[in-house]
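Structural overview for review
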Amino acid sequence: MSLLVLSAADVARVTSKFSPDELVALMADVFSRLSDRQRGVHQPLRTAVQMDHHTSLFMPSRIASAGTTMKVVSVPLNNAPKEVKESGLPATTIVLDEKFGNVKAVVNARRLTALRNAAGSLLSARVILPDGAAPKSILAIGAGAQIQAHLALFLTAYPSIESCFIFNRSYNARLDTLRQLLDSTFPSVRVTADVLPNTHSKEAEATFHDAIKGANIIITATSSTRPLFPSKLVQKGTHLCLIGSYKPEMHEIDTELVKRAGIVIVDQKAACLEEAGELIDAQLSESDLVELGQLFDYNAKEKTWIPREGPIEDTQTAGDVTIFKSVGVGVQDAAVACAVVERAIAEKIGVVIEQYDEED
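Before going into details, it helps to say that this report is about the structure given with it.

Calculation notes
Residue positions are given per chain, counted from 1 along the sequence in the order it is written. Reporting in this predicted model follows two pLDDT cut-offs: at least 70 for local features of residues, and 80 or more for side-chain atom pairs to be given and counted; totals over whole chains, interfaces and linings ignore these cut-offs and use all residues. Hydrogens and water molecules were not included; the side-chain quantities draw on all heavy atoms of the structure. Numbering goes from the N terminus for both helices and strands, where a helix is a DSSP run of H or I of at least four residues and a strand is a run of E of at least two. Only protein chains enter the accessibility calculation, which uses a 1.4 Å probe; a residue whose area is less than 20% of its type maximum is buried, one above 50% is exposed, and one in between is partly exposed. Helix span, expected: 1.5 Å multiplied by one less than the number of residues in the helix. Along the arc lie the directions from the helix axis toward the C-beta atoms. Any pair of Phe, Tyr and Trp rings, taking the six-membered ring for Trp, is counted once the centres come within 6.5 Å. Such a pair is stacked with planes under 30 degrees apart, edge-to-face with planes over 60 apart, and tilted for the rest. A ring is considered to have a charge above it if a Lys NZ or an Arg CZ atom is located within 6 Å of its centre and within 35 degrees of its normal.

1. Concerning unusual backbone geometry
- Its identity as a non-glycine residue notwithstanding, Gln-283 has a phi of 55°, on the positive side.
- Inspection of the secondary structure puts Gln-283 in the loop between helix 10 (277-281) and strand 14 (289-291).
- Residue Gln-283 is classed as exposed on the basis of its relative accessible area, which comes to 70%.
- The backbone of Lys-303 sits at a positive phi, close to 55°, despite the residue not being glycine.
- Residue placement: Lys-303 occurs in the loop between strand 15 (296-299) and strand 16 (304-307).

2. Quick notes on helix 7 (residues 202-214)
- An ideal rise of 1.5 Å per residue puts 18 Å on 13 residues; helix 7 measures up with 18 Å between its terminal C-alpha atoms.
- Among the residues of helix 7, those classed as buried are Phe-208, Ala-211 and Ile-212. What you see down the axis of helix 7 is that its buried residues fit within an arc of 100°, all on one side. For helix 7, the exposed residues lying more than 90 degrees away from the buried face are Lys-202, Glu-203 and Asp-210.

3. Thoughts on the packing of aromatic side chains
- Inspection of every chain in the model, using the stated rule, returns three aromatic pairs.
- Between Phe-167 and Phe-208 the ring centres are 4.8 Å apart and the planes differ by 75°, which places this aromatic pair in the edge-to-face class. Note that Phe-167 is positioned in strand 9 (residues 163-168) and Phe-208 in helix 7, a separation of 41 residues in sequence. Here the two residues Phe-167 and Phe-208 agree in accessibility, since each one is buried.
- Lying over the aromatic face of Phe-18, Arg-343 brings its terminal NZ or CZ to 4.3 Å of the ring centre.

Here is the structure:
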């Protein structure tokens, strides 16, 4: 049997062929199955192995409609050498053959986590924003892979967007590269990249505050332990996608803004109440949350989703902003990795090792 190997460049080529609608439908399948507690979804606890400079995480998952995978991510330790930390998070996903049980593909997954999170965020916007919504301004905080994937997907899905603001802790090469990429890919969008203000710059603070006030969609992907901006700056009707926090001490927005939503949309209730610092500080309970998969019905045969008007209206009218909080779920990785492998095979992308599992 053969083995398909997809490099980072191969994955970039494959994922560029997916439309926003295809990615949204992929995540709709995942979240629908999670919220309906359907059989065929299996995500055991991850296993951690300590290395000299990393904690390596082994995360198996299976979704019957897509396949079975195991993702391996190595997270640099705080005391790791600088060059180790700057190299990012090495990530690889293995995909199993459903019939014979062998490994059929090895996929570079550095960008796939960001892509599946961005697709989940876009699904939340498609579900909760009014029909015919035409946002004009989007604002992102952070400059890593998560923000790049989110902005590329949202700017493609919403051609109405005219202004894109990106704020980061520092104006580094990563931020400048992202600005240039968006400038060249979306020439009709006015892209502004800047540094988050500090207490010594009133002008920078005013620029940041004006951008927050004018934003229709706000995306955050940071490890901040304190709110990035005050609630009072966020206009009514804004949709926020919070991707960064995954520990109780992390907070990207303040409690006042959480409360303004009334009902917060989440990927999984139990996980968010245990890991999302903003929701923990606001002392939310399960009754204050709605899972994304509870807001629509998914047709597996046609790969389409239909909004559930009652739950959506309840969420829209519960407050004057809407919030989607994601801490990520393993079966998202399985769904996107299997879809990438399927498309790569169809497009003949990647390196195939023939007779990988055959002895002489």
